[in-house]
Amino acid sequence: MNCALVTGASRGLGRAIAVQLAIDHGLYMLVNYASNLQAAEETLAAIASNGGQGEIIHFNVQVKTEVDAALNDWKEKNNDKFISVLVNNAGITRDGLLMWMPENDWDDVMNISVKGFYNVTQHVIQQMLRKRSGRVVNIASLSGLKGVAGQTNYSAAKGAMIAATKALAQEVAKRKITVNAVAPGFIASDMTKDLNEDELKQMVPMNRFGSAEEVAHLVSFLVSDKAGYITGEVININGGIYS
Ligand code: NAP
């Protein structure tokens with residue numbers, strides 16, 4: 001049975017992506033979370049109420065030993081299943097000017113996005129390579145392309161994910177695995193709930209924040225058979241703010 005692992009699927013974009021992939025592709029969903037079990041259970045309930053199937057898998061993407069232990073344990077119990085889709089979605093912001101940025105705020109943002117990408121992808125890609133098929137989608141950001149003042153850490157992390165996407169895509173293309181990045185602008189979620197939406201939406205030509213579901217539809221297309229010749233790309237989804 002083909003499965004999709006979405007990191008940080010307990011809330012926001014990750015939840016919407018997990019639900020959409022179950023609906024559109026009938027994939028068995030692995031709903032990863034770091035700390036919010038109740039929210040992960042709500043994601044699983046949303047998948048089930050849409051006729052899908054899945055389970056929750058807990059690990060902190062920053063910690064390689066935790067990622068490996070959780071995925072090895074899962075594989076031992078599920079040797080009939082194959083993670084054919086990986087969405088590296090887990091991410092955080094710790095905004096502030098670089099001149100005052102505490103070291104932890106740099107490390108946490110980099111480690112969740114960039115080390116997290118390495119930890120999970122390095123594990124999951126082994127079986128994709130053996131099976132000669134797979135889809136990896138990395139959730140980057142407008143910040144990783146444009147650079148945003150007050151987000152030097154986050155811009156660096158997302159920029160690194162974009163570069164890693166392009167490099168890995170070339171490494172695995174011969175095995176029919178595609179690797180792409182999605183770069184959202186302002187999307188309504190817990191991450192953006194404290195921002196001044198009325199003020200910021202004026203920067204967006206479409207004059208609104210996007211929804212998590214709109215991002216999920218893009219990811220769903222990228223993992224579909226129809227997107228089989230698209231790899232190493234960064235797709236913007238930002239209401240026209242930047243491209
Ligand atoms: P969110 O609502 O804050 O949700 C973050 C998710 O990541 C949660 O499910 C959280 O799990 C999980 N997570 C955080 N740290 C983790 C860790 N160490 N290990 C595993 N999971 C972890 O954020 P969002 O807005 O949905 O953002 C999702 C992704 O989209 C992020 O990569 C973000 O950078 C990117 N993005 C968002 C926007 C936007 O405007 N919202 C724009 C561009 C890019 P818990 O529930 O367990 O804490």
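Refer to the preceding data block for the structure.
A quick note: this is a predicted structure, and the numbers were derived from the prediction, not measured.

*Asks:* Tell me about the pattern of salt bridges, residues and numbers included.
*Replies:* Throughout the structure, instances matching the rule amount to six salt bridges. The partner of Lys77 in a salt bridge is Asp73, and the shortest N-O contact between them spans 2.9 Å. Taken together, the positions of Lys77 and Asp73, both in helix 3 (residues 64–77) and four residues apart, correspond to about one turn of that helix. A relative accessible area of 62% means that Lys77 is categorised as exposed. Given the relative accessible area of 36%, Asp73 is considered partly exposed. The shortest N-O distance in the salt bridge between Lys201 and Asp198 comes to 3.8 Å. Since its relative accessible area comes to 25%, Lys201 is described here as partly exposed.

*Asks:* Tell me about the site of the ligand, and please be specific about residues and values.
*Replies:* Taken together, 32 residues are adjacent to the ligand, and Ser10, Ser35, Asn89, Tyr154 and Ser189 come closest. One of the backbone N or O atoms of Ala34 is found 2.9 Å from an oxygen atom in the ligand. Contact with the protein chains removes 94% of the 890 Å² of surface that the ligand exposes when unbound. Where the shell around the ligand is concerned, the elements lending two or more residues are helix 1 (12–25), strand 2 (28–33) and helix 6 (152–172).

*Asks:* So, the sheet that holds strand 7 (residues 234–237): which residues are in play, and what are the values?
*Replies:* Spatial ordering of the open sheet is given by 3-2-1-4-5-6-7, a layout of seven strands whose pairing is parallel. What marks the edges here is a single partner per strand, and that holds for strand 3 (54–58) and strand 7. In this sheet, neighbouring strand axes are inclined to one another by 20 degrees on average, regardless of whether the strands run parallel or antiparallel. In this structure, strand 6 (residues 177–184) lies alongside strand 7, joined through four bridges in parallel fashion. Following the sheet pairing, Ala183 is matched in strand 7 by Asn236. Strands in contact with helix 1 are strand 1 (2–6), strand 2, strand 4 (82–88), strand 5 (134–139) and strand 6; relative to strand 1, the strand with the most contacts, it is inclined by about 170 degrees. Sitting on the sheet, helix 6 is in contact with strand 4, strand 5, strand 6 and strand 7, with an inclination near 160 degrees to strand 6.

Procedures and definitions
Residues numbered from 1 in each chain as written. Predicted model: local features only at pLDDT ≥ 70, side-chain atom pairs only at ≥ 80, totals over all residues. Heavy atoms only, no water. Salt bridge = Lys/Arg side-chain N within 4 Å of Asp/Glu carboxyl O. Helix = DSSP H or I, 4+ residues; strand = E, 2+ residues; numbered from the N terminus. Buried < 20%, exposed > 50% of the residue type's maximum accessible area, 1.4 Å probe, protein only. Near = heavy atom within 4 Å. Polar contact = N/O pair within 3.5 Å; in protein donor to acceptor, adjacent residues only side chain to side chain. Areas by Shrake-Rupley, 256 points an atom, 1.4 Å probe, with all protein chains shown as cover. Pairing = 2+ DSSP bridges. Axes fitted to C-alpha atoms, helices over the stretch in contact; angles between N-to-C directions. Contact = heavy atoms within 4.5 Å.

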